[in-house]
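# Structure assessment
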Amino acid sequence: MIAEATMVASDGYGYPNIPGIYTPEQVEGWKPVTQAVKAKGAVFFNQLWHCGRSAHELLNPNKEPPVSSSPLAITDPAYSKIYIGGTTMVDAQVPVALDEAGIKAKVQAFRTAARNALDAGFDGVEIHGANGYLIDQFTKSNCNTRSDQYGGSIENRCRFALEVVAAVVEEVGGDRVGIRLSPFTDFLGAVDATPYATFTYLVEQLNKFGLAYLHMVESRINGNTELENNPNSLTPFRLVFKGPFIAAGGYKRESGIKAVSSGHSDLVAFGRIWIANPDLPTRFLLNAPLNRYNRDTFYTPGMEGYTDYPTLEQAQATAA
Ligand SMILES: Cc1cc2nc3c(=O)[nH]c(=O)nc-3n(C[C@H](O)[C@H](O)[C@H](O)COP(=O)(O)O)c2cc1C
């Protein structure tokens, strides 16, 4: 199980109602959650996250301005409005470009958050390097205009991601650390001009750390929606990475079995169908029908669409 993305710092909030893991209160708040999940026998990782330029001072609890690799606001019209709650959307802000001290502070924030996650009872952490958030804003070429050692060449653009990984691994051990990457998405307007070259380099470098896994998002998915044209493949990265490889995005039971039996990946991650099916492994085992997910409640607070989908047993009892 990988928990929802969780803030590592107070200036990274890109949505209302999202969790954090950088204060003692937040660590305490997670404990009943990790206990409940682990009581059911799951291995439970927390996803560590900073939104970078998709954060907003109206969402950050201390009203800090957003930060990023470069002072570039999101301009892609699909993503340039930030939802701040209720029915209100506001323009994405021009972020403050982190200086070297600021970069070190963010690396440290990921490290501390990883320690906090273990203290809260998680088995490990997944570094969120995907989907156009802070780490991806360094890696991907169209968001990074820096001229120092964190921008320009592929090596320089991948430096921030690798420093975060190094710090988190040093803190909790490589076998407790995974990372998620999405080379092909344009989510939040983050696009790389040469995704195969950039991410092959990054994945090669990740081999140094003995990670628990590398988790990559298929090109057929952008955020949480299907794309029509998806010719790109994760296979080149799968071939370079020397540890367990997780593929995610648009998988169902049969396609998941095929992905693993063909060697496309070692594991498959499920998002939307898991949200709608609290007993997904049982249903897969039995090849039972699935509940349909309701997109309208994906990001709403409260139990509806979150903890109220029926198990197979409950659904059958209702139908009988
Ligand atoms: C409600 C919802 C919340 C999500 N939250 C996250 C998240 O916190 N971190 C992340 O990396 N992806 C997140 N995603 C994306 C999913 O992890 C996954 O990549 C995407 O849904 C495609 O996989 P699927 O076809 O199995 O759903 C979320 C998706 C949905 C629908």
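Preceding block: the structure.
Residues numbered from 1 in each chain as written. Predicted model: local features only at pLDDT ≥ 70, side-chain atom pairs only at ≥ 80, totals over all residues. Heavy atoms only, no water.

Here strand β8 (residues 177–181) lies mainly inside the structure; 5 of its 5 residues are buried. The two faces of β8 match: V177, I179 and L181 on one face and G178 and R180 on the other face are all buried. Looking at chain direction, strand β7 (residues 124–128) and β8 are connected through 4 bridges and run parallel. If you follow E126 over to β8, its bridge partner there is G178. (Buried < 20%, exposed > 50% of the residue type's maximum accessible area, 1.4 Å probe, protein only. Helix = DSSP H or I, 4+ residues; strand = E, 2+ residues; numbered from the N terminus. Pairing = 2+ DSSP bridges.)

It is worth spelling out the site of the ligand at this point. Among the 16 residues in the neighbourhood of the ligand, the closest are listed as Q47, R180, G250, G271 and R272. Measuring from an oxygen atom of the ligand, one finds a side-chain N or O atom of R180 at 2.6 Å. In the environment of the ligand, an oxygen atom lies 2.6 Å from a nitrogen or oxygen atom belonging to the backbone of G250. (Near = heavy atom within 4 Å. Polar contact = N/O pair within 3.5 Å; in protein donor to acceptor, adjacent residues only side chain to side chain.)

Next up on the list: helix α2 (residues 100–119). Under the 1.5 Å per step criterion, the end-to-end length of α2 is 29 Å for 20 residues, consistent within 8% with the ideal 28 Å. Within the sequence span of α2, burial applies to G102, I103, K106, V107, A109, F110, R111, A113, A114, N116 and A117. Residues of α2 that are buried sit in contact with α1 (24–39), β2 (45–49), β3 (67–68), β7, α3 (134–139) and α5 (159–172). Looking at the residues trailing α2, positive phi occurs at G121, about 105°. (Expected span 1.5 Å × (residues − 1). Contact = heavy atoms within 4.5 Å.)

The next point concerns the environment of Y133. The topology assignment puts Y133 in the loop between β7 and α3. In this structure the C-alpha to C-alpha distance between Y133 and C51, which are 82 residues apart in sequence, comes to 4.6 Å. In this structure, Y133 is in contact with Y15, W49, H50, C51, S54, H128, F187 and L188, ignoring residues within four places of it in sequence.

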